[in-house]
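Working through the structure, step by step
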Amino acid sequence: QVQLAESGGGLVQAGGSLRLSCAASGRSFSSYAMGWFRQAPGKEREFVAVVEWRGIFYADSVKGRFTISRDNAKNTVDLQMNSLKPEDTAVYYCAADASLGYNYRSPTMYDYWGQGTQVTVSS
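Quantities reported herein were computed from a predicted structural model and do not represent experimental measurements.

**Observations concerning the side chain of threonine 117**
- Among the secondary structure elements, threonine 117 is positioned in strand S11 (residues 117–122).
- A polar contact of 3.2 Å, which involves the side chain of threonine 117, links it to the backbone nitrogen of glycine 9.
- Setting aside anything within four residues of it in sequence, one finds threonine 117 in contact with Glu6, Ser7, Gly8, Gly9, Leu20, Ala90, Val91 and Tyr92.

Shown next, in the form of structure tokens:
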């Protein structure tokens, strides 16, 4: 039983920064793959970043601007977002997978999801 809750979204100017946080509850947290996805209106849910047993991976669209990190002692996963662009506007979701799935870019790999937090980047 895992519950996820995102926070930290908001409205920022292009070029600004936000830090999203995901608080997780449940057993064996350190063994879960923890990912961030986003979904803009009219678009499919899109992979952003993940930290899992193989390492840390990013979507090409955010590489060099976003940083994912986890604190197992606090059961949190953060997403630091710098140099934000209007195209980053979306609802951002935290997701967890305990199955050691291989395709971390696919939303179908993840078993648990938060409710999402809105990120809006104005020009």
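**As for the sheet that holds strand S3 (residues 18–25)**
- Judged by pairing direction, the sheet is antiparallel, and its 4 strands sit side by side in the order S1-S3-S8-S7 without closing on themselves. Bordering the open sheet on either side are strand S1 (3–7) and strand S7 (66–71), each of which pairs with just one other strand. The sheet shows a mean angle of 15° between the axes of neighbouring strands, direction not considered.
- As paired strands, S7 and strand S8 (residues 76–81) are joined by 6 bridges and run antiparallel to one another. When the bridges of S8 are listed, isoleucine 68 appears paired with leucine 79.

**Topic: the environment of tyrosine 92**
- Position of tyrosine 92 relative to the elements: it lies in strand S9 (residues 90–97).
- Given a relative accessible area of 0%, tyrosine 92 falls into the buried group.
- As for tyrosine 92 and asparagine 72, which are separated by 20 residues in sequence, their C-alpha atoms are 21 Å apart.
- Filtering out sequence-adjacent residues up to four positions away, tyrosine 92 remains in contact with Glu6, Leu20, Trp36, Phe37, Arg38, Val48, Phe66, Leu79, Met81, Gly116, Thr117 and Val119.

**A closer look at the state of the cysteines**
- The tally for this structure, following the rule as stated, stands at 1 disulfide.
- With its sulfur 2.1 Å from that of its partner, cysteine 22 forms a disulfide with cysteine 94. Sign of the S-S torsion, about -75° for the bond between cysteine 22 and cysteine 94, identifies this disulfide as left-handed. You can see cysteine 22 sitting in strand S3 and its partner cysteine 94 sitting in strand S9, a full 72 residues away along the chain.

Conventions adopted
- Each chain has its residues counted from 1, following the order in which its sequence is written.
- Two thresholds apply to this predicted model, a pLDDT of at least 70 for residue-level local features and 80 or more for giving and counting side-chain atom pairs, whereas whole-chain, interface and lining totals are computed over all residues.
- In computing side-chain properties, one takes all heavy atoms of the structure into account and sets aside hydrogens as well as water.
- Strands are runs of DSSP state E lasting at least two residues, helices are runs of H or I lasting at least four, and both sets are numbered from the N terminus onward.
- Under the rule applied, a polar contact is a pair of N or O atoms within 3.5 Å (in protein, one hydrogen donor and one hydrogen acceptor; residues adjacent in sequence only if both atoms are side-chain atoms).
- Working rule for contacts: check all heavy atoms of both residues, and any pair within 4.5 Å makes them a contact.
- If DSSP finds at least two bridges between two strands, the strands pair.
- Note on method: axes are straight lines fitted to C-alpha atoms, helices fitted across the in-contact stretch only, with angles between N-to-C directions ranging 0 to 180 degrees.
- Buried, partly exposed and exposed residues are distinguished by accessible area as a fraction of the type maximum, computed with a 1.4 Å probe on protein chains only: under 20%, between the cut-offs, and over 50%, respectively.
- We call a pair of cysteine sulfur atoms a disulfide whenever their separation is within 2.5 Å.

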